[in-house]
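What follows is the residue order along each chain.
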Amino acid sequence: MSLINEIKQKIKEDTAELSTPEYVELMRELAMWAEDSANIAEYEPDFNTDDE
C-alpha cells in the first residue's frame, strides 16, 4: 500500500465517529495545513546543495 493510501485509510478510521460538521472542519484544517507545509517546503532554501 502506498504511503498516501495508508494516510487516507488512517484518516478514514480516525474520523469514522465524527459528525459531518466535525469531519468537514477537520478536513479543511488538514487541507490548509498540507498546503502551507508544501509551500514552505517548496520555497525553503536547500542547504544540502554542493557549490562545485
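Below is a short write-up of the structure. Just so you know, these numbers come straight off a predicted model, no measurement behind them.

1. Description of the overall build of the chain
Consideration 1: For the chain, the helix and strand inventory stands at two helices and zero strands.
Consideration 2: Buried positions account for 2% of the 52 residues belonging to the chain.
Consideration 3: When the accessible surface of the chain is summed, it comes to about 5200 Å², and 54% of that surface belongs to carbon and sulfur atoms.

2. As for the pattern of salt bridges
For side chains bearing opposite charge, pairing can occur when the charged atoms are close.
Consideration 1: Tallied over the full model, the rule gives one salt bridge.
Consideration 2: With a closest N to O distance of 3.3 Å, Asp14 and Lys10 form a salt bridge. You can see Asp14 and its partner Lys10 sitting in helix 1 (residues 3-15), four residues apart, about one turn around the helix.

Rules used throughout
Residue numbering note: each chain is counted from 1, following its sequence as written. Given that this is a predicted model, residues contribute local features only at a pLDDT of at least 70 and side-chain atom pairs are listed and counted only at 80 or more, while totals for whole chains, interfaces and linings are drawn from all residues. Note that water and hydrogens are dropped before the side-chain values are worked out from all heavy atoms of the structure. The helix and strand labels rest on DSSP assignments: H or I over at least four residues marks a helix, E over at least two residues marks a strand, and numbering proceeds from the N terminus. Burial classes follow relative accessibility: with a 1.4 Å probe on protein chains only, a residue under 20% of its type's maximum area counts as buried, one over 50% as exposed, and anything between as partly exposed. Each accessible area is a Shrake-Rupley estimate made with a 1.4 Å probe; only the visible protein chains count as cover when residues are assessed. Salt bridges are defined by distance alone: a side-chain nitrogen of Lys or Arg within 4 Å of a carboxyl oxygen of Asp or Glu.

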